[in-house]
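Here is what each chain is made of, one letter per residue.
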Amino acid sequence: MEMRVNALKERVIYGCICLIVIVLGLCSRAFSEQLPLFVTRHFGDALWGSMVYFMFRVLLVNRKLWIAFMWSLMFSFGIEFSQLYQAEWINSIRATILGGLILGKGFLWIDLVRYTVGITLSYGLDQYFRPKLHRIDK
């Protein structure tokens, strides 16, 4: 029973982190004119990669962190490489706000770097803070 409660609690925590990252990502777009150019160019995609990592943590809460790390990279890279496919039906999905945010518009190799940085930083923060969270929980 305690195992289920801990897993549920972790899912809620990761879900909340995910929502915070989504808000930060949307803010990086909404306030792009007030932010430094480096932040405007790079943080949105890094935050998208971070969000993907934390979504996988919600799904894989009982698995080792590196599994979510690897799935996040594969998913993010898959989405980016899918942008090389430019059929009319998928471009009509990409033309919507949500479709554009999820699927992107066109392939950029630098996005792979940005996703990797966001996922790696999230993984590192997760490794650092997760044991501390468990000590508090006891």
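A brief look at the structure comes next. Fair warning: this is a prediction, and the values are worked out from it, not measured in the lab.

### With respect to the overall build of the chain
Argument step 1. Check the secondary structure of the chain and you find 6 helices and 0 strands.
Argument step 2. Along the chain, from the amino end to the carboxyl end, the secondary structure elements read α-α-α-α-α-α.
Argument step 3. The C-alpha extent of the chain, read off along each of the three principal axes, is 50 × 35 × 25 Å.
Argument step 4. Each of the 138 residues in the chain was classed as buried or not, and the buried ones make up 35%.
Argument step 5. A separation of at least 24 residues holds for 66% of the contacts in the chain among residues at least 6 apart in sequence.
Argument step 6. When the accessible surface of the chain is totalled, it reaches about 9200 Å², and 73% of it is carbon and sulfur.

Criteria and cut-off values
Residues numbered from 1 in each chain as written. Predicted model: local features only at pLDDT ≥ 70, side-chain atom pairs only at ≥ 80, totals over all residues. Heavy atoms only, no water. Helix = DSSP H or I, 4+ residues; strand = E, 2+ residues; numbered from the N terminus. Buried < 20%, exposed > 50% of the residue type's maximum accessible area, 1.4 Å probe, protein only. Contact = heavy atoms within 4.5 Å. Areas by Shrake-Rupley, 256 points an atom, 1.4 Å probe, with all protein chains shown as cover.

Geometric values such as these leave the question of function open.
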